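# Analysis of the macromolecular model
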Amino acid sequence: MRIARFSIDGNVGFGVLEGDEIDVIKGHPFAEFERSGQKVPLDKVRLLPPVLPNKVVAIGRNYAAHAAELGHDVSDAPFTFFKPSTSVVGPGDPIAYPSFSEEVHHEAELAVVIGRMCREVPRERVKDVILGYTCANDVTARDVQRREKQWARAKGFDTSCPLGPWVETELDPSDLTIQCTVNGEQRQLGRTSEMVRSVEDLIVHITEAMTLLPGDVVLTGTPAGVGPLTVGDEVAVTIEGIGTLTNKVIKRG
């Protein structure tokens, strides 16, 4: 099932994507829901970020080849950091190139969307707390990341976390193709089976420390091939079984 969040005529709602239509649901998808029977054409709505997370918990260096291309070793434990909710944008929304950086990179990632409040989740129950999966782009000001040593500004600036285009709820995340193109040229190509730590590993690790809330997002790391974006570029993240998230880079106003 693909669950989209959308706006139409000034109203925001959730719905189940069926072909080229969205079947509007009553309420939200984080509990049992009913379909309203009202259907709207996909080309008549604006797709929004599929969720509005309280927090985005991201994992660095979870693909060995990506860690190596930046001159790092794989860490002994998952390398975690946060992206604020204000960094989140949706499909088709612009990525605003930050004025304080001259080297912004794309990072295609599988995103896990949490479906229920959870803490200290045992491995065997991880699937129970996941609503589904979506595409993400962990946009990074690489020069700032190197210069400032910590990643708050480098990875947390406004528009640095595109998510979408929807949440796929019926998906095995263990071995999916993940790729990134810029202006149609392939930059990244990998498989989620190359992750150093699995989705289960990451959820167990994160929830040992903190409570995850419905709609929170976990970014699982990026494969090798990250590279620069410039104003005017169109960047697309495609994940097998989910779809494609496309955004254009603009000059920050």
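Residues numbered from 1 in each chain as written. Predicted model: local features only at pLDDT ≥ 70, side-chain atom pairs only at ≥ 80, totals over all residues. Heavy atoms only, no water.

## Points about the sheet that holds strand β18 (residues 227–229)
Rules: Strand pairing is assigned whenever DSSP detects at least two bridges linking the two strands. By definition, any uninterrupted DSSP run of H or I lasting at least four residues is a helix, any uninterrupted run of E lasting at least two residues is a strand, and each is numbered from the N terminus.
The antiparallel open sheet is built from 3 strands, whose spatial order is β13-β10-β18. The open sheet terminates on both sides in strands that have one partner only, identified here as β13 (140–141) and β18.

## As for unusual backbone geometry
Excluding glycine, residues mostly have negative phi values, and the peptide bonds linking residues are mostly trans. Here is the rule: Using a 1.4 Å probe on the protein chains alone, a residue whose accessible area is under 20% of its type maximum counts as buried, one over 50% counts as exposed, and one in between counts as partly exposed.
The residue after Gly164, namely Pro165, is reached through a cis peptide bond having omega 5°. For Lys149, which is not glycine, the phi torsion reads 70° and is therefore positive. Mapped onto the secondary structure, Lys149 falls in the loop between α2 (142–148) and α3 (152–156). Owing to a relative accessible area of 69%, Lys149 belongs among the exposed residues under this scheme. Its identity as a non-glycine residue notwithstanding, Asn183 has a phi of 55°, on the positive side. Secondary-structure assignment places Asn183 in the loop between β15 (177–182) and β16 (185–191).

## A short note on the nonpolar core
Threshold: Among the buried residues, those of types Ala, Val, Leu, Ile, Met, Phe, Trp, Tyr and Cys that are joined through side-chain atoms within 4.5 Å form a nonpolar core. Only heavy atoms matter for contacts: two residues are in contact if any of them lie within 4.5 Å across the pair.
By size, the foremost hydrophobic cluster in this structure holds 51 residues, and its most contacted members are Ile22, Val112, Tyr133, Val199, Ile203, Ile239 and Ile242. Look past the residues within four positions of Val199 in its chain and what remains in contact with it is Leu110, Val112, Ile130, Tyr133, Pro173 and Thr220. Judged by nonpolar contacts, the second largest core, of 19 residues, contains Ile3, Phe14, Val113 and Val217.

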